[in-house]
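Working through the structure, step by step
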Amino acid sequence: MKRTLITLLSIISIAKSAVITSVEGVAVVINPIENPSINPVVNPVVNPERPTQNNNEEIVNVSESKDKKLDMVITWDAEEQEIYDFYDGSNWNFSQSDSLELDRDSPIANILTITDAFIVEDSPGYSHIEIGDGFSVTLKSTDFTFENANGFTGVNDNDNVYSTLNITDGSSMNAAFSAVGLEINVDSTSSLTLRGFGASINSQVERSVVNLSPNAQLTLSSIEKFAQQGDDIYLNGVSFSQNPSILKFNGNTGTAIPEAHLALLSALPIILLLRRRTRFN
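Below is a summary of the structure that appears in this document. (Residues numbered from 1 in each chain as written. Predicted model: local features only at pLDDT ≥ 70, side-chain atom pairs only at ≥ 80, totals over all residues. Heavy atoms only, no water.)

1. Observations regarding the nonpolar core
F86, I114, F144, F152 and M173 are the most contacted members of the largest nonpolar core, which totals 48 residues. Other than its neighbours up to four places away in sequence, M173 contacts L139, F144, F146, F152, L165, I167, S191, L192 and T193. (Core = buried A, V, L, I, M, F, W, Y, C linked by side-chain atoms within 4.5 Å. Buried < 20%, exposed > 50% of the residue type's maximum accessible area, 1.4 Å probe, protein only. Contact = heavy atoms within 4.5 Å.)

2. Some details on the side chain of N185
Checked against the element boundaries, N185 lands in strand β14 (residues 182–186). Separated by 3.0 Å, the side chains of N185 and N211 make a polar contact. (Helix = DSSP H or I, 4+ residues; strand = E, 2+ residues; numbered from the N terminus. Polar contact = N/O pair within 3.5 Å; in protein donor to acceptor, adjacent residues only side chain to side chain.)

3. Thoughts on the sheet that holds β14
Strand order in the open sheet made by the nine strands is β4-β3-β5-β8-β11-β14-β17-β19-β20, with mixed pairing throughout. At either end of the open sheet lies a strand with only one pairing partner, and these are β4 (92–93) and β20 (238–239). Where strand β5 (residues 111–115) lies against strand β8 (residues 136–140), four bridges are found, and the strand directions are parallel. Opposite L112, over in β8, you have V137 as the bridge partner. (Pairing = 2+ DSSP bridges.)

4. Structural notes on the pairing of strand β3 (residues 73–76)
Sheet analysis places β3 next to β5, joined by three bridges and oriented parallel. By the bridge assignment for β5, T75 is matched with T113. Where β3 meets β4, two bridges bridge the pair, whose relative direction is antiparallel. Its bridge partner lying in β4, T75 is registered against N93.

5. Quick notes on the side chain of N202
Of note, N202 is situated in strand β16 (residues 201–202). The buried category is assigned to N202, whose relative accessible area is 18%. Residues in contact with N202, not counting those within four places in the same chain, are S178, A179, V180 and S208.

6. A look at the packing of aromatic side chains
Inspection of the entire model under this criterion finds 12 aromatic pairs. With a centroid separation of 5.4 Å and 85 degrees between ring planes, the pair formed by F86 and Y87 is classed as edge-to-face. The exposure class of F86 is buried, given its relative accessible area of 0%. On the accessibility criterion, Y87 (9% relative accessible area) is buried. Geometrically, the ring pair formed by F146 and F152 is edge-to-face, given 5.3 Å between the ring centres and 90 degrees between the ring planes. On the basis of relative accessible area, F146 is assigned to the buried category, the value being 1%. Among the aromatic residues, ring-to-ring pairing joins W76, F86, Y87, W92, F144, F146 and F152 into one connected group. (Phe/Tyr/Trp six-rings, centres within 6.5 Å; stacked < 30°, edge-to-face > 60°.)

7. Considering the sheet that holds strand β12 (residues 172–175)
Here seven strands make up an open sheet; going across it, the order is β6-β9-β12-β15-β18-β22-β21 and the pairing mixed. With one partner strand each, in any of the chains shown, β6 (118–121) and β21 (247–250) form the two edges of the open sheet. Pairs of neighbouring strands in the sheet enclose a mean axial angle of 15 degrees, with direction left out of account. The pairing of β6 with strand β9 (residues 143–146) spans four bridges and is parallel. Its bridge partner being in β9, I119 is matched across the sheet by F144. (Axes fitted to C-alpha atoms, helices over the stretch in contact; angles between N-to-C directions.)

8. Thoughts on the pattern of salt bridges
Counted according to the given criterion, the structure contains two salt bridges. The residue D85 makes a salt bridge to R104 at a minimum N-O spacing of 3.0 Å. Highlighted residues: D85 in the loop between β3 and β4 and R104 in the loop between β4 and β5, separated in sequence by 19 residues. When the shortest N-O distance is used, the salt bridge between D232 and R207 registers 3.1 Å. With D232 in the loop between α2 (224–228) and β19 (233–235) and R207 in the loop between β16 and β17 (209–212), this pair connects stretches of sequence that are 25 residues apart. On the basis of relative accessible area, D232 is assigned to the buried category, the value being 10%. Assessed through its relative accessible area of 28%, R207 is described here as partly exposed. (Salt bridge = Lys/Arg side-chain N within 4 Å of Asp/Glu carboxyl O.)

9. A short note on the environment of V120
Mapping V120 onto the fold places it in strand β6. We classify V120 as buried; its relative accessible area is 9%. When the C-alpha positions of V120 and N148 are compared, they lie 9.8 Å apart, and in sequence the two are 28 residues distant. Leave out the neighbours within four places in its chain, and V120 touches I83, Y84, T145 and E147.

10. Comments concerning the environment of Q204
The topology assignment puts Q204 in the loop between β16 and β17. Residue classification places Q204 among the exposed residues on the basis of a relative accessible area of 71%. Placed 24 residues apart in sequence, Q204 and V180 show a C-alpha to C-alpha distance of 7.4 Å.

These figures capture arrangement, not role.
This is the structure we're talking about:
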């Protein structure tokens, strides 16, 4: 019995430092101690087009081409408490970019960072904010709400290059949907609400995905939507369809389980095996 207990404690200790899971029969080791701001890709088979982001510093999409340099970064510069026009040039600092404005009729072709803002976007429904292929918008300590049936989208060009939205540092976003090849990354301090009653993670044109870090929150219009959209919701490279236990629920809000729970779930099959052996010995 003592030997079994010691072995069990050792397994749990190892699991805390390296979560071992299985995706489509492939053993994957995830190191939660690194605590990346964005989930790493642990199995390219699950989502082969997903960019790799594993950096605690400024988040820049690795799918950006070499000519899209950091001099294209545009940062938030508004002082007002509430902003209703995302495209208003006075809200942005263009000093590190060749651009002088954001064109509401064209996809965003810059790396945008919005910090410490409260934005209520009231553009007409289905006008969207398009993020260009390989470019990104990052929210830091920001609350962003689309009042109407709108959201961020990628670009409809069938090239399967993701556009990226990063929700970080205690940010929240409330939108009707995401669509057209948009990857949304939600860190462990932030939340995302997609309130649309249809396919709010919409992959009809190009696949869209939501990547959750442990403790990140995702709210959909109903709990049934999680099952319907489970192929597009990920925690550490594992989709909700593959393993529904990656989320715990309060109403129609799913919270990605923390690392300690991941470790316990990973160790559970071994624990059960040890119990079975002990019972028959």
